[in-house]
Amino acid sequence: GGGGGAAMADGDGLLSVDYEVHGKVQGVFFRKYTQGEAKRLGLVGSVRNTSHGTVQGQIQGPAARVRELQEWLRKIGSPQSRISRAEFSNEKKIEALEHKEFQILK
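Bear in mind that the values here come from a model prediction, so they are computed numbers and not experimental data. (Residues numbered from 1 in each chain as written. Predicted model: local features only at pLDDT ≥ 70, side-chain atom pairs only at ≥ 80, totals over all residues. Heavy atoms only, no water.)

Caption draft 1: Up close: the packing of helix α1 (residues 30–41) against helix α2 (residues 63–75). α2 packs onto α1 with a crossing angle of 155° between their chain directions and a minimal axis gap of 10 Å. When the axes of α1 and α2 are compared, the pair comes out roughly antiparallel. As for how α1 packs across α2, the hand of that crossing is right-handed. Here Phe30, Tyr33, Thr34, Glu37, Ala38 and Leu41 of α1 lie close against α2, whose contacting residues are Arg65, Glu68, Leu69, Trp72 and Leu73. (Axes fitted to C-alpha atoms, helices over the stretch in contact; angles between N-to-C directions. Helix = DSSP H or I, 4+ residues; strand = E, 2+ residues; numbered from the N terminus. Parallel < 35°, antiparallel > 145°, perpendicular 65-115°, else oblique. Left-handed = near helix turned anticlockwise from the far one by under 90°. Contact = heavy atoms within 4.5 Å.)

Here you go:
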């Protein structure tokens, strides 16, 4: 990273980040709760179960809100879930949202 002083404060612009959550996160309404939390925060993106027992997807929205959902994915999740770790990748600033809403993918 690094770089000069950006014109926008780091809590403004739009961010896009991919995530993958490990632990007991399937069969515990994790996707439904993630969608609900994302909608509450005004974020868009997606969430889906993978074939290897994790939940993954993408989050897009105002940086500060994206950070909030990252914390939620790292520590809270759905009431019955047991999160061992959450990994985030491909974080980048975007000019415009690439999703219309936050969808649960099959």
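Caption draft 2: Broad picture of the side chain of Thr54. Relative to the helices and strands, Thr54 is located in the loop between β2 (44–49) and β3 (55–62). Of the residues examined, Thr54 reaches a relative accessible area of 4% and is grouped as buried. Separated by 2.8 Å, the side chains of Thr54 and Thr50 make a polar contact. (Buried < 20%, exposed > 50% of the residue type's maximum accessible area, 1.4 Å probe, protein only. Polar contact = N/O pair within 3.5 Å; in protein donor to acceptor, adjacent residues only side chain to side chain.)

Caption draft 3: The arrangement of the pattern of salt bridges in detail. Across all of its chains, the model carries six salt bridges by this definition. Here Arg65 makes a salt bridge to Glu68, at a shortest N to O gap of 3.9 Å. Separated by three residues within a single helix, Arg65 and Glu68 lie in helix α2, roughly one turn from each other. With a relative accessible area of 37%, Arg65 lands in the partly exposed category. Look at the salt bridges and you will find they share partners, linking Glu71, Arg74 and Lys75 into a network. (Salt bridge = Lys/Arg side-chain N within 4 Å of Asp/Glu carboxyl O.)

Caption draft 4: Structural context of the packing of aromatic side chains. Per the counting criterion, the structure on display carries one aromatic pair. Relative to Trp72, the ring of Phe30 lies with its centre 6.1 Å away and its plane at 50°, an arrangement referred to as tilted. Residue Phe30 is located in helix α1, and its partner Trp72 is located in helix α2; the two are separated by 42 residues in the primary sequence. For Trp72, a relative accessible area of 8% translates into the label buried. (Phe/Tyr/Trp six-rings, centres within 6.5 Å; stacked < 30°, edge-to-face > 60°.)

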